[in-house]
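Listed here are the chains, written in short residue letters.
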Amino acid sequence: MAYWLMKSEPGVFGIDDLAKAERKTTHWDGVRNFQARNFMRDMRRGDRALFYHSNCDEPGVVGVVTIAKEAYPDHTAFDKDDPHFDSDSDPKKPRWYMVDVKLERKFRGTVTLATLRQHEQRALKGLTLLKRGNRLSITPVGAAHWKFILALAE
DNA sequence: GCCAACGTTGGC
DNA sequence: GCCAACGTTGGC
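Scope of this entry: the structure provided in the associated data block. Throughout, a residue's number is its position along its own chain's written sequence, starting from 1. Just so you know, chain letters begin at A and ligand numbers begin at 1, following the order they were written in. Only residues with pLDDT of at least 70 are given local features in this predicted model, and only at 80 or more are side-chain atom pairs given and counted; all residues enter the totals for whole chains, interfaces and linings. Only hydrogens and water are set aside; all other atoms, that is, all heavy atoms of the structure, feed into the side-chain values.

### Comments concerning the layout of surface pockets
Going by this rule: Think of a 1 Å grid over the protein atoms and nothing else: a 1.4 Å probe that fits but is trapped marks a cavity, an open set flanked by protein within 12 Å on at least five of seven lines marks a pocket, and residues with an atom within 4 Å of a point count as lining. Grid points are joined across faces, edges and corners, and a volume is the space filled by probe spheres set on the points. The helix and strand labels rest on DSSP assignments: H or I over at least four residues marks a helix, E over at least two residues marks a strand, and numbering proceeds from the N terminus. We call Asp, Glu, Lys and Arg charged. Ala, Val, Leu, Ile, Met, Phe, Trp, Tyr, Cys and Pro are nonpolar, and the rest, Gly among them, are polar.
In this structure, the largest pocket encloses a volume near 650 Å³. Along the walls of the largest pocket sit 19 residues, with Lys7, Ser8, Trp28, Asp29 and Gly30 positioned nearest its centre. Those elements giving two or more residues to the lining of the largest pocket turn out to be strand E1 (3-8), helix H1 (10-13) and strand E2 (25-27). Of the residues belonging to the lining of the largest pocket, the class tally is five nonpolar, eight polar and six charged.

Structure representation (structure tokens):
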């Protein structure tokens, strides 16, 4: 089982939205970056991911989700009225994919980006999220980093 | 294949 | 709102 980190803007879709969703499950649409897409296609059912709030007052990790369904075509790319529409994605040969995620756990508080940065030279050295200029919405997380971040949430 | 221009991300 | 960093596009 692999570990991941998935970013979402709470103003658009935050962890509380996921908590309110039917079966606490949603499809993770709108990824329009090739590297992030490739990571998403590597996801397997049962993998787990950190839910990260970006572009907000308190950026950081707010909970854990599990991958409930492996990558399948992102239909929003075919919808002209969708903000993520991409005319280059052909339904016969989809360019973009999404997965389903299910909420496993919401942290009591936020493990903030500032807290993660306090450990970036030691326990969290090499965490992709903390690398300079990283903007990927989906990144892998190593087992040791995963364990450490969950411990920070206690 | 190079690279300038442009759009987006996301922390601050 | 600012701006650094990055990905993508398109002219050449």
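### Some details on the pattern of salt bridges
Definition in use: The salt bridge definition used is simple: a Lys or Arg side-chain nitrogen within 4 Å of an Asp or Glu carboxyl oxygen.
One pass over the full model with this rule turns up seven salt bridges. Here Arg32 ties to Asp74 by a salt bridge, and the two come within 2.9 Å at their closest N and O atoms. Taken as a pair, Arg32 in the loop between E2 and helix H3 (34-42) and Asp74 in the loop between strand E4 (60-73) and strand E5 (97-112) lie far apart in primary sequence, 42 residues in all. Residues Glu154 and Arg105 are paired through a salt bridge, measuring 3.2 Å at the closest nitrogen-oxygen approach. Taken together, the residues span a long stretch of sequence, with Glu154 in the segment after helix H5 (143-152) and Arg105 in strand E5 at a distance of 49 residues.

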